Amino acid sequence: YIKENKKKDDILYIYYSAKTAFDFYHQEYELEQMKSIIGVRSRGNTANYEKQVKDLSGNDRVWFLFSHVYPFYYNQKGITEERIIVEQLNSIGKKNDQLKSRGASVYLYDLKTGENNAG
C-alpha cells in the first residue's frame, strides 16, 4: 500500500517490533529509498512514544507502519502501543490515510509544525 501511495519526500516511521518484517520486505516493496526511522521500544514509558511523534512534527507526509504490536497494559487497561502512538498523532496532526489488515496497519499523517491539524 505504501509503495503504491508514497511520494518522493515521504518519511516512514517503523514501529520497533515491525523492524524485522520491514528488513525482510522493504526491497520487494521498493521502500529502501524512503527516509526511514525505527521507533524505539519504550514499554511502560508512554512519554517516549510522545517524544518520537513530536520529533516528526513539521513534516507533511509521514507514514507510520505497525506490525507485531505489543499489547501494552496501561492503567490496567488493554491498550496497545499502536493505540498510544495513534492517539498522540491525532492530537498533533491530521490523518490523511490508513489501511489495516490482519497483523499490520499503516497510517499517513500530516504533522506540520505550528498547526493543530486534528479534528
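Residues numbered from 1 in each chain as written. Predicted model: local features only at pLDDT ≥ 70, side-chain atom pairs only at ≥ 80, totals over all residues. Heavy atoms only, no water.

Chemist: Residues and numbers for the nonpolar core, please.
Modeler: One finds Ile 2, Leu 12, Phe 64, Ile 85 and Leu 111 to be the most contacted residues of the largest nonpolar core, which totals 28 residues. Counting only elements with at least two residues in this core, the list comes to β1 (11–14), α3 (46–54), β3 (59–67), α4 (81–92) and β7 (104–111). Setting aside its immediate chain neighbours within four residues, Leu 12 contacts Ile 2, Phe 22, Met 34, Lys 35, Ser 36, Ile 37, Trp 63 and Leu 65. (Core = buried A, V, L, I, M, F, W, Y, C linked by side-chain atoms within 4.5 Å. Buried < 20%, exposed > 50% of the residue type's maximum accessible area, 1.4 Å probe, protein only. Helix = DSSP H or I, 4+ residues; strand = E, 2+ residues; numbered from the N terminus. Contact = heavy atoms within 4.5 Å.)

Chemist: Quick one: what's the story with the sheet that holds β3, residue by residue and with numbers?
Modeler: Pairing is mixed across the open sheet formed by five strands, whose spatial order is β2-β1-β3-β7-β6. Edge positions in the sheet fall to β2 (35–38) and β6 (94–101), since each of these pairs with one other strand and no more. Each strand axis lies, on average, 20° off the axis of its neighbour in the sheet, ignoring direction. Bridge count between β3 and β7: seven bridges; the pairing is antiparallel. Bridge pairing links Phe 66 to Ser 105 in β7. Relative to the sheet, α4 contacts β1, β3, β6 and β7, its axis offset from that of β7 by approximately 20°. (Pairing = 2+ DSSP bridges. Axes fitted to C-alpha atoms, helices over the stretch in contact; angles between N-to-C directions.)

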